[in-house]
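What follows is the residue order along each chain.
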Amino acid sequence: MSILGNRVLRREDVGFLTEGACYTDDLNEPALEGALFVTYVRSIMAHAKIVVDASEAAAMPGVAGVFTAADLDGPTILQGQVPMFPEPMLNRPILATDTVRFVGECIAVILSETPETGADAAEAVSVDYEPLPVVVDMEEAATDSVVIYDEVGTNIAVDFSALGMATGITDDSFFGDCEVVVSGRVAHQRTAPAPLEPRSTAATWEGDKAIMWMSNQAPHGVKGALEPLYAEQAKGGFQIIVPDVGGGFGGKIPPYPEDALLPWLSAKAGKPVRWFETRTENLLAMGPGRAHVHRFTIGGSKDGNITHYRLEVLADSGAYTRLGAFLPMFTLIMSSGVYDIPHIETGARSVVTNTTPTEAYRGAGRPEAALTIERAVDMFAGEIGMDPADIRRKNYLKAADFPVSTAVGTEYDSGDYEKSLELALDAAGYSDLRDEQTRRRDNGEVVQLGIGIATYVEITAGPAPGGAEYGKVEITPQGKARVYSGSLSHGQSHQTTFAMIAADQLGMDIEDIELVQGDTDQVSEGVGTFGSRSTQLGGSSIHRAAGQVVESAKQIAADLLEANVDDIVLDQANGTFHVSGTPSVNKTWAEIAEEADDLSSESNEQTKCSYPFGTHIAVVEIDTETGGVTLDRMITCDDAGTIINPMIVEGQRHGGIAQGVAQALTEEVSYDADGNPQSANFADYGIISMAELPSFELVPMETPTPNNPLGCKGIGESGAIGATPAVANAVVDGLSHFGVTNIDLPVSSLRVWEAIQEQKN
Amino acid sequence: MTINGTEVSSDVEPRTLLVHFIREQASLKGTNIGCDSSSCGACTIHLNGESVKSCTVLAAQADGQEVTTIEGLADGETLHPMQEAFRECHALQCGYCTPGMVMAAISLLDEVPNPTELEVREGLEGNLCRCTGYHNIVKAVLQASGSQS
Ligand code: FES
Ligand code: FES
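If you're wondering where the values come from, they're calculated on a predicted model, not measured in any experiment.

Let's shift gears to the pattern of salt bridges. Residues and elements named next belong to chain A. Summed over all chains, the structure comprises 47 salt bridges over all chains. Measuring nitrogen to oxygen at the nearest pair gives 2.8 Å for the salt bridge that ties Asp13 to Arg10. For the pair formed by Asp13 and Arg10, the shared burial category is buried. When salt bridges that share partners are traced, they join Arg42, Arg199, Glu258, Glu277 and Glu281 into one network.

Right under this line is the structure:
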């Protein structure tokens, strides 16, 4: 029987639970012995001209060096990942030269014998700031009332319509035929990935080879970005090693300026160097996500047939154009959500502001699409007095029609949205909940009930038409397997899932599978772990490679057994090859490996995108006197296609749901009008705790994708995509009898209280 | 001080935090640092049998005391019941919060042997996890307490 589909306990856990994992700052490598510590001096102003004097710091005992932009004779610029933006915005200085553009930007760097000395020296670096006008709010930035880059002349980094990547916004005749038209504004506040392990990096040189260790999600991508910066010195190679990683959630996909400079610093000092940031630095300088403002208009008939939808996206890139400036692409292609809407028009712009540059955060562009369409559908339903479940049933893309193309040209592979709704409604006891809501309303109770529904669809293994991930399977002389993967774990359990996939094909025990991940020397190619891609891309490659190895092994077995290769079968139960019908005469993997110089195979095949979906139902209680909102229940039906290990998949769902709820209820990266961060530590950032969450009620559903051999879709981001609109809809639903139709996130008690007062007055 | 039953002594700066002492002087890297505002609990250890956030204690304050970290819990190959429950319930993903979470959870059960779900959630509120959504952590603590039906 196949191991796939079983709740196999994780191979990672015994080590993690007894000694702790080995994160970058835990490394005890001989190559890092005697390392100097790196401390960055960061801007405390959002926009200013600067003059730096580091002489006092440089003279302090224990300080091995202080460097400013003027001292850099190596890399000076770290370019954004997508080269579609004006160069001044794209080319981020590694250390600010004469201008800083956000609080937290690196100005100078210190090398010291201890971290404490580094912190003291950072205090001693004197920076003269000459303030420049600041723009923090993206809608204000879009007016160009303050222009950050004079040489560009506008804050608009890109208009996706002008690039032909959106359909373009026309005029109101677009909605001409509609009986009902509803418009709204949905703000997607900036949120922090906040992996519990902050960023951490180390670097050294072995002759003319650079070696970096870092807490990162995509080491081959990092190598691709940094190696060219060291083309002169690193003639002997450039190796990135990623040990265990304490979470990423998108924020650890790219290299940052802080990482990019380490090989230079190591070369300068002639010693290894290490950097471990504080949480405050993490919240100031690691890329946050979301940060969109959407305006939508939705139109249709009085009986609830939605026919028209317009979405205008404004995205906050922060001070430089990093990945965040590009992510509206994903919002646009997923703008139709789960609905059959024949007429859609879209537009999107990204603007620069004096804030931390944005990057991907769990969902990256798709949560924004889902939140807006799910709010829009609820507002439309509210306008015509239709139940939110009924309007969804009426407008879903139908299961029988898959694969389907939406009006914006995105082709969804497979799905049954209505089924996910019915399963979730059943599990929630929907009609009982509505009865209880009515009872409380009729009695005028202080604590009211809100029920929110959201059905989402997202794109994974993207961007379209599909991605690839490297996998290699090699049989060792002992007859065991070594699996090489370009995708790597930062909590996703690759040691377990990938071993299961290989073991299933090879007829081995998972303990016989060694996984090699997170090392650009040992794994020749790779992309990384993000966008819910690992199992469907990396797993599929390992599955294919293992299948090819089995075919090669059969040929060897045929020679050894003097049989026809077509008659050779692999006995999955004990991993031996024999002629069909005579299992007692067989060859083990070790015997076969002895006959081959190299029994291995690799795969890096492009695999088409998949479109996971599901329905989330949130039940909230709202204290109408204080505005306090409590999430009572969270019921989710998430369909990620075929499931390799249900325990691990449920864990991914749980984590995503919590982050989605956090976006709705507690978390926001905020600034004052001068661009001073108001949420730069865990005491001020509303990071969600276990006291603010219920246990989650998960409903299983599996619709395999035809697009890869495993049938798997992505699951890492689903929770974060469905939960936010479900909770937002629940809060508005709970206040709808007061006349409230929309509320900004995160839903603070003040916002709820104000919304009620506004309707009362 | 003794850490996991072994005497560890070293001269350190007065400002050295206990968490740094454990990681650097005792070379025990299981205890993690996740914040600079004593908010996350990743650094939770036992000081004389009670859980504390070791980033809020000076090493000097622990002079002569008994410290237990995640490395001191298992008995040879045999996991502590809380470690076992975490493993069985998939209560860890990246593992960064885990050592602190396990230490805090053991302490919670010392104080409240049979907690309700709400008591677990309120009792461990000061330990953050970014990966698990807390669902399986709560399940593991309840399982370890034997109060899971
Ligand atoms: S590191 Fe001690 S509470 Fe966060
Ligand atoms: S398992 Fe990653 S922070 Fe808890």
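What follows continues from the structure just given.
Residue and element names in this part refer to chain A. Pairing of strand S1 (residues 36-42) with strand S14 (residues 273-276) involves two bridges; the strand directions are parallel. Within the sheet, the bridge partner assigned to Leu36 lies in S14 and is Val273. Pairing of strand S11 (residues 200-206) with S14, which is carried by four bridges, proceeds in the antiparallel orientation. Bridge pairing in S14 links Ser200 to Phe276.

With that out of the way, let us pick up the domain arrangement of chain B. Residues and elements named next belong to chain B. As far as domains go, chain B holds domain 1 (2-72) and domain 2 (81-145). In this structure, domain 1 and domain 2 have C-alpha centres spaced 20 Å apart. The partner domain 2 presents 14 residues to the 18 residues of domain 1 that form the contact. Taken together, the two surfaces of domain 1 and domain 2 that pack against each other cover about 1,200 Å², and 55% of this comes from carbon and sulfur. One can count zero salt bridges joining domain 1 with domain 2. If you list the elements that add at least two residues to the side of domain 1 that touches domain 2, you get strand S3 (44-47) and strand S4 (50-53). Of the residues assigned to the side of domain 1 that touches domain 2, the class counts are five nonpolar, eleven polar and two charged.

Residues and elements named next belong to chain A. Pairing in this open sheet of seven strands is mixed, and the strands run S3-S7-S1-S14-S11-S12-S13 from one edge to the other. Of all strands in the sheet, those bounded by a partner on one side alone are strand S3 (63-68) and strand S13 (237-241). Geometrically, the sheet is characterised by an average inter-axis angle of 20 degrees between neighbouring strands, direction not taken into account. As defined by bridge partners, S3 adjoins strand S7 (residues 106-112) across five bridges and the pair is classed as antiparallel. Bridged to Val66 within S7 is Ile110. In the packing of helix H4 (residues 115-124) onto the sheet, the strands contacted are S1, S3 and S7, and the crossing angle to S1 comes to about 25 degrees. Of the strands in this sheet, S1, S3, S7, S11, strand S12 (209-214), S13 and S14 touch helix H8 (residues 262-269), which is tilted by about 50 degrees from S11.

Below, the discussion takes up the nonpolar core. Ranked by internal contacts, the top residues of the largest apolar core, which has 165 residues, are Met634 and Val661 of chain A together with Phe86 and Val141 of chain B. Split by domain, the residues of this core number at least three in each of domain 1 (2-72) and domain 2 (81-145) of chain B. Once you skip the residues sitting within four places of it in the chain, Phe86 of chain B turns out to touch Leu17 of chain A together with Ala91, Leu92, Thr98, Met101, Val102, Ile137, Ala140 and Val141 of chain B. Listed in part, the 37 residues of the second largest apolar core include Val8, Ala545, Ala553 and Ile556 of chain A.

Analysis parameters
- Residues numbered from 1 in each chain as written.
- Chains lettered and ligands numbered in written order.
- Predicted model: local features only at pLDDT ≥ 70, side-chain atom pairs only at ≥ 80, totals over all residues.
- Heavy atoms only, no water.
- Salt bridge = Lys/Arg side-chain N within 4 Å of Asp/Glu carboxyl O.
- Buried < 20%, exposed > 50% of the residue type's maximum accessible area, 1.4 Å probe, protein only.
- Pairing = 2+ DSSP bridges.
- Helix = DSSP H or I, 4+ residues; strand = E, 2+ residues; numbered from the N terminus.
- Domains from an automatic or database assignment.
- Contact = heavy atoms within 4.5 Å.
- Buried area = accessible area lost by both parts, 1.4 Å probe.
- Nonpolar A, V, L, I, M, F, W, Y, C, P; charged D, E, K, R; others polar.
- Axes fitted to C-alpha atoms, helices over the stretch in contact; angles between N-to-C directions.
- Core = buried A, V, L, I, M, F, W, Y, C linked by side-chain atoms within 4.5 Å.

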